[in-house]
Amino acid sequence: MMKLSMALILASAAAVIMPAVANASPELTVSITTPTAGTVTQTFPSGSIFNTNQFTIGDLTGLLTGQSQYATATEPNAITFASIDVTNTSSTTSETFTIDIMDNGFTANGTKNNELYQAIQTFGGEIIGGTTTMTLTTTATPTDLTNFSSATISQTTHQTGGTAGTAFGLPQGTSPSSLVLSPGAGFAIDSNMTFSLTPGATAVLGQLNYNGYSEVLPTGTVAPEPAAAGLALLGALPLFFLKRRKSV
């Protein structure tokens, strides 16, 4: 009777919690953080084009445009950068700025249950009038709070450019296949870019130079069942004890 009561309590709790997760409105957020002015956030419809227009936040000026793109027959779920142009306007201080773009309205487009997904990214462009260290991190996480899997890839580059600008481009980076989703499952893509710019330096990233994107793709491989792994371990135990007994 105690087990039955506990099962009913857990079922009731799940019934209360799950609708709140399922009814969460998907949205696209763009957050810009500076050391002198804190964080400024703009919200756009999920799966849409975003444009911050020309902005000035503390010692950072710039422009940010791109698109959150739902998967189609030919395109993956992705956040793409049409243009990221940022300048450290300080004449004396090197500063670190962060741009975070997150959309929690993506839907798994694979064809298999418990399919493995991976995060893929790249970025490039040019550096003008100074030095910058840039790190792009792409993270994909399920919107189902009972699914603890995820996929993450991070890349860092250090570039110096003269007054005419110096172009650069990173090879595509791929995360381990560690995100587990079934068809139609919701997930979020978080594309986080950090810039450490010397005084007066400008970083220009965009499609006119190199494409920049954070993508999540199905691999066609199904995640191993935990039960199967447990059975394999149980099968190995008798051999282990057999060897121990023979060595005595």
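Structure first, text after, so check above.
What you see as residue numbers is a count from 1 along each chain, following the sequence as written. Whole-chain, interface and lining totals are the exception, using all residues; otherwise, since this is a predicted model, local features are given only for residues with pLDDT of at least 70 and side-chain atom pairs are given and counted only at 80 or more. To get the side-chain values, take all heavy atoms of the structure and skip hydrogens and water.

Quick look at the nonpolar core now. As a rule of thumb, soluble globular proteins bury nonpolar side chains together. Here, the term nonpolar core denotes a set of buried Ala, Val, Leu, Ile, Met, Phe, Trp, Tyr and Cys residues that are joined through side-chain atoms within 4.5 Å. Type-normalised accessible area, obtained with a 1.4 Å probe on protein chains alone, sets the label of each residue: buried when under 20%, exposed when over 50%, and partly exposed for intermediate values. Counting 40 residues, the largest nonpolar core has Val-86, Ile-101, Met-134 and Phe-195 as the members making the most contacts within it. Helical segments are the DSSP runs of H or I of at least four residues, strand segments are the runs of E of at least two, and each set is numbered from the N terminus. Per-element tally for this core: the top contributor is strand 15 (residues 186-197), with five residues. By definition, residues are in contact when any of their heavy atoms lie within 4.5 Å. Filtering out sequence-adjacent residues up to four positions away, Ile-101 remains in contact with Leu-28, Thr-29, Val-30, Phe-50, Leu-64, Ile-79, Phe-81, Ile-189, Asp-190 and Ser-191.

Moving on to the sheet that holds strand 1 (residues 27-34). Think of it this way: DSSP has to see at least two bridges between two strands before they count as a pair. In spatial order, the strands read 2-1-7-15-10-11; together these six strands make up an open sheet with antiparallel pairing. Two strands close off the open sheet at either side, each with one partner strand: strand 2 (38-45) and strand 11 (151-161). Each strand of the sheet is rotated relative to its neighbour by a mean of 10°, with strand direction disregarded. Pairing geometry for strand 10 (residues 130-142) and strand 11, over 11 bridges, is antiparallel. Bridge pairing links Thr-137 to Ser-154 in strand 11. Geometry is summarised by axes, namely lines fitted to C-alpha atoms with helices restricted to the contacting stretch, and by angles between N-to-C directions that run from 0 to 180 degrees.

Take unusual backbone geometry next. Positive phi is not limited to glycine here, since Asn-53 has a value of about 60°. Inspection of the secondary structure puts Asn-53 in the loop between strand 3 (49-51) and strand 4 (55-57). We note that Asn-114 has phi near 55°; this positive angle belongs to a residue other than glycine. Structurally, the position occupied by Asn-114 is in the loop between strand 7 (95-107) and strand 8 (115-122).

Right, let's get into the pairing of strand 8. In terms of residue burial, strand 8 counts as a mostly covered element, since eight of its eight residues are buried. Neither face of strand 8 is exposed, since Glu-115, Tyr-117, Ala-119 and Gln-121 on one face and Leu-116, Gln-118, Ile-120 and Thr-122 on the opposite face are all buried. Bridge analysis of strand 8 against strand 14 (residues 179-181) gives three bridges, and the strand direction is antiparallel. Pairing of Leu-116 across the sheet is with Val-180, part of strand 14.

The values reported here are purely geometric and, on their own, carry no functional implication.
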